[in-house]
Amino acid sequence: IMKRYITIFFTLFALTVVAQSKFGYVSCKDIVESLPEYSVVTKDLNELLQKYEAEIDRADLEFNKKYVEFIEDQGSFPQTILQKRHRELQDLMEKSIQFKEEVKLAMQDAEKEMMAPLRKKVDGAIKQLCEDKGYSYILDLDKNTCLYINPKYGVDVTNALKEALGIKH
């Protein structure tokens, strides 16, 4: 019985502490996209993507050209040459698919790398805001984990965070 009372006591104590805690919430994605550096990062990412797309287009043109030649000339070649050309086309197609996957991964890595300083800047401002305003924590609404936030306990810190980062709102 004593163990039960202790458990109930600590549960009520924890609920009291949580109820008294002050927290903030914000969309970090919106904050990051408001930073002046964000336009530079997106411009650089778009330029990188255009270079990759140009190489993909070049490879596709090469493949299409060889495929058309193969179709046009298939009646005039002996079987061994047809098989060789067919394998070459298959290799080109496989390399193209592999390159497109590599581009996808490279773009994801580039985005993570280029966005990291912005994210770090926002994270630092969030930490400072928590300490300055006495928030127990700040929730990131981008994760869709908060179905409802009671305005009696939670505070939208978007404007305060923008102000801390020098973003005009």
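Position numbers for residues start from 1 in each chain and track the written sequence from start to end. Confidence filtering applies because this is a predicted model: local features only for residues at pLDDT of at least 70, side-chain atom pairs given and counted only at 80 or more, and all residues used for totals across whole chains, interfaces and linings. Heavy atoms from the whole structure form the basis of all side-chain values; hydrogens and water molecules are not counted.

Engineer: Hey, could you go over the layout of surface pockets for me, with residue numbers and the actual values?
Structural biologist: If a probe as big as a water molecule is rolled over the atoms, it shows which places are left empty. Taken as a whole, the largest pocket holds about 230 Å³ of empty space. Elements with a contribution of two residues or more to the lining of the largest pocket: α2 (28–34), α3 (36–73) and α4 (79–133). Helix and strand assignments follow DSSP, with helices taken as H or I runs no shorter than four residues and strands as E runs no shorter than two, numbered in order from the N terminus. The dominant element in the lining of the largest pocket, judged by the number of residues it contributes, is α4, at 5 residues. Lys, Arg, Asp and Glu make up the charged group, whereas Ala, Val, Leu, Ile, Met, Phe, Trp, Tyr, Cys and Pro make up the nonpolar group; the residues left over, Gly among them, are polar. Partitioning the lining of the largest pocket into residue classes produces 6 nonpolar, 1 polar and 8 charged. Using only the protein atoms, space was sampled on a 1 Å grid; points where a 1.4 Å probe fits but cannot get out form cavities, open sets with protein on both sides within 12 Å along at least five of seven lines form pockets, and lining residues are those with an atom within 4 Å of a point. Grid points are joined across faces, edges and corners, and a volume is the space filled by probe spheres set on the points.

Engineer: Which residues make up the sheet that holds strand β1 (residues 23–26), and what values do they have?
Structural biologist: Pairing between two strands is assigned when DSSP locates at least 2 bridges connecting them. Spatial ordering of the open sheet is given by β2-β1-β3, a layout of 3 strands whose pairing is parallel. A strand with exactly one partner marks an edge of an open sheet, and here the two such strands are β2 (137–140) and β3 (154–156). The mean angle between the axes of side-by-side strands here comes to 30 degrees, regardless of whether they run parallel or antiparallel. In terms of strand pairing, β1 meets β3 through 3 bridges, oriented parallel. Across the sheet, F23 pairs through a bridge with G154, a residue of β3. Axis geometry follows a simple rule: fit a line to the C-alpha atoms, using only the stretch in contact for helices, then measure angles between N-to-C directions, giving values from 0 to 180 degrees.

Engineer: Mind laying out α3, listing which residues take part and the relevant values?
Structural biologist: Every helix has an expected span of 1.5 Å times one less than the residues it contains. The terminal C-alpha atoms of α3 lie 56 Å apart, and with 38 residues this matches the ideal 56 Å at 1.5 Å per residue to within 8%. Residue contacts are defined here by distance: any two heavy atoms, one from each residue, within 4.5 Å place the two residues in contact. Among the structural elements, α4 are those in contact with the buried residues of α3.

Scope: geometric values only; no functional claims are made or implied.
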